[in-house]
Amino acid sequence: MGCTMKIINFGSLNVDYVYHLSHIVLPGETLASSSMQVNPGGKGANQSVAMIRAGATVWHAGQLGTDTEWMRDRLQKEGIDVRHIKVSGSVRGGHAIIQVDETGQNSIVLYGGANITIEPERIHEVLADAKAGDWLVLQNEINLTSELLKAGKAVGMKVCFNPAPFAPEVFDYPLDCVDLFILNEHEAAGLAKRPIDTAPEILLDELAETYPEAMICLTLGADGSLLWSAESGVLRQFAYSVTAVDTTAAGDTFTGYFLAELTRGSEMKTALDVASRAASIAVTRAGAMDSIPFRKELS
Ligand code: RIB
C-alpha cells in the first residue's frame, strides 16, 4: 500500500543524555548512575523516525545548534526529508537529561535551546511545500506553535497536536485548528483541567465535548489507548503485554505509527492496533529514537 500524502513534522530535535539509576533522584539527593549514553531524541525527531519506519513520507522541520548538527545526518539516513532542518550558529542545540530507573520509568529535564528560537519566516518557507490534505504534526517543544497551528489549517493541512510537555500556555493556542489530539494521561488531564487521577473515560468524554471537530486519542501505557471521533465513537485498544526496560519514546512511537497508518488509509481500529504493537516493542529496548521498531518487526 503506497502513501498518498506527506507528513510535515515541525518539531524538536534534542540530544538525550541518559542516566540509568536504581530510582529517580529525590529532592536533595545525590545518586551515582550505573551507566550513561548520549542518544538522538526530542519528541519531534522521535515521532518523525517512528513515522518513516512505519512507512510514511516524512519531512522534518526544526532547528539545531552547531553542537547538535549531526542529528540532521541521522534523520536523513532514516530517509526523512531534512531540507527544512536549519542550524543556528548562535544558540546551543536542544537537549534532555533523562533518568531511567530499574523499572524502566523515566524522568526528563528539557533544555529547549535552538528548538525555541525559530524565526517566524520559517513557517511560510516550510508550509510553501505543503499541499491541502497533508498532515502537519506538532508537539510542545518548539516556539511558534500557535502560529503554526493557524498557518497549517489555513493551507488546508490536517493538524495533529501532541501537547507534550503540557503547559498552561496550551490554552492560549488556537486549539480549534486541531484535527487530532494525541494525549497521555497527564496531557489529557491538563487539557480537560481535571486532576490526574480522573478516569480516562471521563477525560475522553469531556474533551470530545470541548473539541467535537477533532479526533481525540488517549494513550494509557499498560492500559492501552482510547480513541474518540464523531465518525467512529469510542474505540478501545489493549496494550500488548511486555516487560518494560525503558519507556522513553513509547508515546512518540505510538504517535508516529498511528499517523503513518492514517496516511496509508487504514481503519482507525487497525491504526490503533499497529501503534500499540510498535509502542510495546519500543519499551523493551533502551533509548528514545533507537528503541523505535521498523515495520517489518511488527509481524
Ligand atoms: O519523548 C521522549 C523525548 O522527550 C526524549 O527523546 C527527550 O528528548 C524529550 O524530548
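Residues numbered from 1 in each chain as written. Predicted model: local features only at pLDDT ≥ 70, side-chain atom pairs only at ≥ 80, totals over all residues. Heavy atoms only, no water.

**Concerning the packing of aromatic side chains**
Step number 1: Counted under the stated rule, the structure contains five aromatic pairs.
Step number 2: The positively charged end of Lys193 is found above the aromatic ring belonging to Phe171, 4.5 Å away from the centroid. (Phe/Tyr/Trp six-rings, centres within 6.5 Å; stacked < 30°, edge-to-face > 60°. Lys NZ or Arg CZ within 6 Å of the ring centre and 35° of its normal.)

**Observations concerning the packing of helix H7 (residues 250–263) against helix H8 (residues 268–282)**
Step number 1: Two elements in contact, H7 and H8, have axes whose closest approach is 8 Å; the angle formed by their N-to-C orientations is 150 degrees. What the angle tells us is that H7 and H8 run roughly antiparallel. Crossing angle aside, the handedness with which H7 passes H8 is right-handed. Between H7, through Ala250, Thr253, Phe254, Tyr257, Phe258, Glu261 and Leu262, and H8, the contact on the second element is made entirely by Met268, Thr270, Ala271, Leu272, Val274, Ala275, Ser276, Ala278, Ala279 and Ala282.
Step number 2: Of the residues contributing to the contact of H7 with H8, the split by class is 13 nonpolar, three polar and one charged. (Axes fitted to C-alpha atoms, helices over the stretch in contact; angles between N-to-C directions. Helix = DSSP H or I, 4+ residues; strand = E, 2+ residues; numbered from the N terminus. Parallel < 35°, antiparallel > 145°, perpendicular 65-115°, else oblique. Left-handed = near helix turned anticlockwise from the far one by under 90°. Contact = heavy atoms within 4.5 Å. Nonpolar A, V, L, I, M, F, W, Y, C, P; charged D, E, K, R; others polar.)

**Considering helix H2 (residues 70–78)**
Step number 1: The complete set of buried residues in H2 reads Met71, Leu75 and Glu78. The arc enclosing the buried residues of H2, seen along the axis, measures out at 50 degrees, which places them on a common side.
Step number 2: Buried-residue contacts for H2 involve strand S2 (14–20), strand S3 (35–41), helix H1 (43–53), strand S4 (57–65) and strand S5 (81–88).
Step number 3: One or two positions beyond H2, positive phi appears at Gly79, with a value near 105 degrees. (Buried < 20%, exposed > 50% of the residue type's maximum accessible area, 1.4 Å probe, protein only. Arc of directions from axis to C-beta.)

**Remarks on H1**
Step number 1: Within H1, 10 of the 11 residues are buried, which leaves it mostly tucked inside the rest of the structure.
Step number 2: For H1, the full list of buried residues reads Gly44, Ala45, Asn46, Gln47, Ser48, Val49, Ala50, Met51, Ile52 and Arg53.
Step number 3: In the stretch just after H1, Gly55 is the one whose phi turns positive, near 110 degrees.

**Looking at the side chain of Lys6**
Step number 1: Along the chain, the position of Lys6 falls in strand S1 (residues 6–10).
Step number 2: On the accessibility criterion, Lys6 (12% relative accessible area) is buried.
Step number 3: In terms of polar contacts, Lys6 uses its side chain to reach the backbone carbonyl oxygen of Asp129, at 2.7 Å.
Step number 4: Looking at Lys6, its side chain comes within polar contact range of the side chain of Asp134, at 3.0 Å. (Polar contact = N/O pair within 3.5 Å; in protein donor to acceptor, adjacent residues only side chain to side chain.)

**Looking at the pattern of salt bridges**
Step number 1: Taken as a whole and assessed by the stated rule, the structure comprises 16 salt bridges.
Step number 2: A salt bridge links Arg83 to Asp81, with the nearest nitrogen and oxygen atoms 2.7 Å apart.
Step number 3: Its salt-bridge partner being Arg122, residue Glu125 comes within 3.8 Å of it at the nearest N-O pair. Here Glu125 pairs with Arg122, and both are found in helix H3 (residues 121–127), just three residues apart, close to one helical turn. (Salt bridge = Lys/Arg side-chain N within 4 Å of Asp/Glu carboxyl O.)

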